[in-house]
Amino acid sequence: MTRIKLFFSILFIQFTFLTAQADLSISGANINAGDTFTIEVSIANPNNVIGGFQFIINDFPNQLDLVNVEATARTEHMMIDFETSTNVVIAFDMTGTGLALGSGPVLTATFTSNSIYTNTINLSFSDYFISDLMGMPIEVNALEGVVEVSGDDPPPIFPPSN
């Protein structure tokens, strides 16, 4: 009987690791050049309570400045830190509560547009890591966002003259 319990316990643990997945996404915005605006970073974690996460927010082309990152109702109990020069964001829970199962915004990030021109800016994540309460990695599906900037028309690009 003990061997059967052990077998099913191991099978359950392996199945849990196989189904551990979270969707990490970032919203978009339509702004005017020079505006300061807020977007949402969301996590959908239907299978696992999350103990912490970290990532870098990339903007391409590099025309946004990260100003602030704040918790939402889902993460108000977590410790959150960010670095404006590198756009690195980290959040973790020391209480053992974690990010409850569910989906929705986990952070609001405030950016300022640093260009005067009309452009489309792609927002993406790199170097992302999400873990469960035991620090075990959870597979991440990262989804991108877009910021549409309305401003001046960019100057024309002329071919080099001889």
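The structure under discussion appears in the preceding block.
Residues numbered from 1 in each chain as written. Predicted model: local features only at pLDDT ≥ 70, side-chain atom pairs only at ≥ 80, totals over all residues. Heavy atoms only, no water.

Colleague: I keep staring at the packing of aromatic side chains and nothing clicks. Help me out?
Modeller: Here a ring pair, both rings aromatic, is described through the centre-centre distance and the interplanar angle of the planes. Summed over the entire model, instances satisfying the criterion amount to three aromatic pairs. With a centroid separation of 6.1 Å and an interplanar angle of 25°, the aromatic rings of Phe-37 and Phe-111 are classed as stacked. Of the two residues, Phe-37 is situated in strand S3 (residues 36-45) and Phe-111 in strand S8 (residues 102-113); the sequence distance between them amounts to 74 residues. Relative accessible area serves as the criterion here: at 8%, Phe-37 is assigned to the buried category. The interplanar angle of 0° and the centroid separation of 6.0 Å between the aromatic rings of Phe-53 and Phe-55 together place this pair among those described as stacked. The pair Phe-53 / Phe-55 is uniform in exposure class, with both members buried. An aromatic cluster of three or more residues is present, and its members are Phe-53, Phe-55 and Phe-125. (Phe/Tyr/Trp six-rings, centres within 6.5 Å; stacked < 30°, edge-to-face > 60°. Helix = DSSP H or I, 4+ residues; strand = E, 2+ residues; numbered from the N terminus. Buried < 20%, exposed > 50% of the residue type's maximum accessible area, 1.4 Å probe, protein only.)

Colleague: How should the nonpolar core be read in this particular structure?
Modeller: Side chains that are nonpolar tend, in soluble globular proteins, to be buried together. Judged by nonpolar contacts, the single largest core of 33 residues is most densely connected at Val-41, Ile-43, Phe-53, Phe-55 and Ile-57. When sequence neighbours within four positions are dropped, the list of residues in contact with Ile-57 reads Ile-26, Val-41, Asn-87, Val-89, Ala-109, Phe-111, Ser-124 and Phe-125. (Core = buried A, V, L, I, M, F, W, Y, C linked by side-chain atoms within 4.5 Å. Contact = heavy atoms within 4.5 Å.)

Colleague: Teacher, can you tell me more about unusual backbone geometry here?
Modeller: Keep in mind that most residues, glycine aside, have a negative phi and that most peptide bonds are trans. With an omega dihedral of -5°, the bond running from Phe-60 to Pro-61 counts as a cis peptide bond. As for its placement among the helices and strands, Pro-61 is situated in the loop between strand S4 (50-60) and strand S5 (64-71). Backbone geometry at Asn-87 places phi at a positive 65°, although glycine is not the residue there. Take Asn-87: it is sitting in the loop between strand S6 (79-83) and strand S7 (88-92). The backbone of Asp-127 sits at a positive phi, close to 50°, despite the residue not being glycine. Position of Asp-127 relative to the elements: it lies in strand S9 (residues 119-132).

Colleague: Sorry if this is basic, but what is going on with the environment of Pro-46 here?
Modeller: Looking at where Pro-46 falls in the secondary structure, it is placed in the loop between S3 and S4. A relative accessible area of 54% means that Pro-46 is categorised as exposed. Counting along the chain gives 55 residues from Pro-46 to Leu-101, while the straight-line C-alpha distance between them is 5.2 Å. When near neighbours in sequence (up to four residues on either side) are disregarded, Pro-46 contacts Gln-21, Leu-101 and Gly-102.

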